[in-house]
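Working through the structure, step by step
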Amino acid sequence: MQSVRLNFALETGAFALPEAGQLAVFRPRAGDDLSALPKDRVQVISGFKPDVDHFAKAGFAVATVAAPAAAALVCLPRAKAEARALLAAAVAAVPAGATVIVDGQKTDGVDAIYKDLRARVAVTEAVAKAHGKIFAFPAASLPEEWVAVPAVVEGFTTAPGVFSADGVDRGSALLAAALPAKLPSRVVDLGAGWGYLSHHILQRDGVKELHLVEAEAAALDCARLNVTDPRAQFHWADATLWQVPHLAGAVVCNPPFHTGREADPMLGVAFLRAAARMLAPDGTLWLVANRHLPYDLPLRALFREIEEVGGDTAFRVIRAAYPDRRKGA
Ligand SMILES: C[S@@+](CC[C@H](N)C(=O)[O-])C[C@H]1O[C@@H](n2cnc3c(N)ncnc32)[C@H](O)[C@@H]1O
């Protein structure tokens, strides 16, 4: 969301905000500037915990599901199915004919969504600025298939926009295959997504308690359906801040390396650091990562024993044991 774009569109009269009533702002990311909007009338709608915490701290009302509003603003994500689902949710949150504003970067596919909508509803001219576009349309029904409904993929429930919504991730499959037959009693699945790794962790001997830590509410909702074992505990949390109730014997992780739209290997490194902090002194991190990701130095700084135990040409599976607290874990 670029306030410069929104301000420009409002100043040039491309569309207008209603003078009263709530404005539902769908899926802004931490760092997006909402200063062009009247804060006391804005409700931020997001299921991503770090963004939720960011906007709550900045004084915005925040919810995972929109309350009825006078107008809506959708900050487009890159995934088309998720973008369509947000548009459908925005239309559902406002009265028929109310203004729905759509803002997006070119790199997030705003042109394709504009075309998509123009074929169906009365969109305004798009205002182009700051490498993106903003436009509006009067809320009108959108195709039913745009509404976010869970899908069943390879026997698991997934949802639009969650990681590997269309099928099991290859890296995660390699990690699951490399897990030992027996795991310690306390295990953490860090960045658990819709629960693929947890499903496999619970098939190993020895596990008494499994913590699924995931920032994306929609993914965790799917995980609750995919992992019904009573040993599983679900935590909607930022993994880099989450406090483990008791030190764990193992952390299993396919770390994210994107923050919002940008590649961010430092997020992966923050996951490694968090994993080391959660582990008992003899604990083990089971990790999968793209081979090109720069995890060697941080791993060596955080663990005393590091071994590649699986993978393929694109991914490596790593066992990193004995977190070294003196070195920063
Ligand atoms: C590479 S995916 C792996 C998902 C799942 N473990 C799997 O193997 O299919 C990384 C996951 O981390 C989640 N994630 C991203 N940032 C996070 C954060 N700060 N805290 C917790 N989870 C986060 C993403 O939503 C995503 O589900």
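Only a predicted model underlies this, so the values are computations on that prediction, with no experimental measurement involved. (Residues numbered from 1 in each chain as written. Predicted model: local features only at pLDDT ≥ 70, side-chain atom pairs only at ≥ 80, totals over all residues.)

Attention now goes to the domain arrangement of the chain. Looking at the assigned domains, one finds that the chain contains domain 1 (3-146) and domain 2 (151-327). Domain 1 and domain 2 are separated by 32 Å when their C-alpha centres are compared. At the level of secondary structure, the elements contributing two or more residues to the side of domain 1 that touches domain 2 comprise helix 2 (49-57) and helix 3 (80-93). Residue composition of the side of domain 1 that touches domain 2, by class: six nonpolar, three polar and six charged. (Domains from an automatic or database assignment. Helix = DSSP H or I, 4+ residues; strand = E, 2+ residues; numbered from the N terminus. Nonpolar A, V, L, I, M, F, W, Y, C, P; charged D, E, K, R; others polar.)

If you check which residues of helix 5 (residues 170-178) are buried, you get G171, S172, L175 and A176. Along the axis of helix 5, the buried residues cluster in a sector spanning 135 degrees; they form a single face. Against helix 6 (196-201), strand 13 (248-253), strand 16 (279-290) and strand 18 (315-323) lie the buried residues of helix 5. (Buried ≥ 20, exposed ≤ 12 C-beta atoms within 10 Å, placed from the backbone. Arc of directions from axis to C-beta. Contact = placed C-beta atoms within 7 Å.)

The full set close to the ligand counts 20 residues, and S172, G191, G193, A215 and A239 are the nearest of them. Secondary-structure elements contributing two or more residues to the shell around the ligand are helix 6 and strand 11 (209-214). Partitioning the shell around the ligand into residue classes produces ten nonpolar, six polar and four charged. (Near = placed C-beta within 6 Å.)

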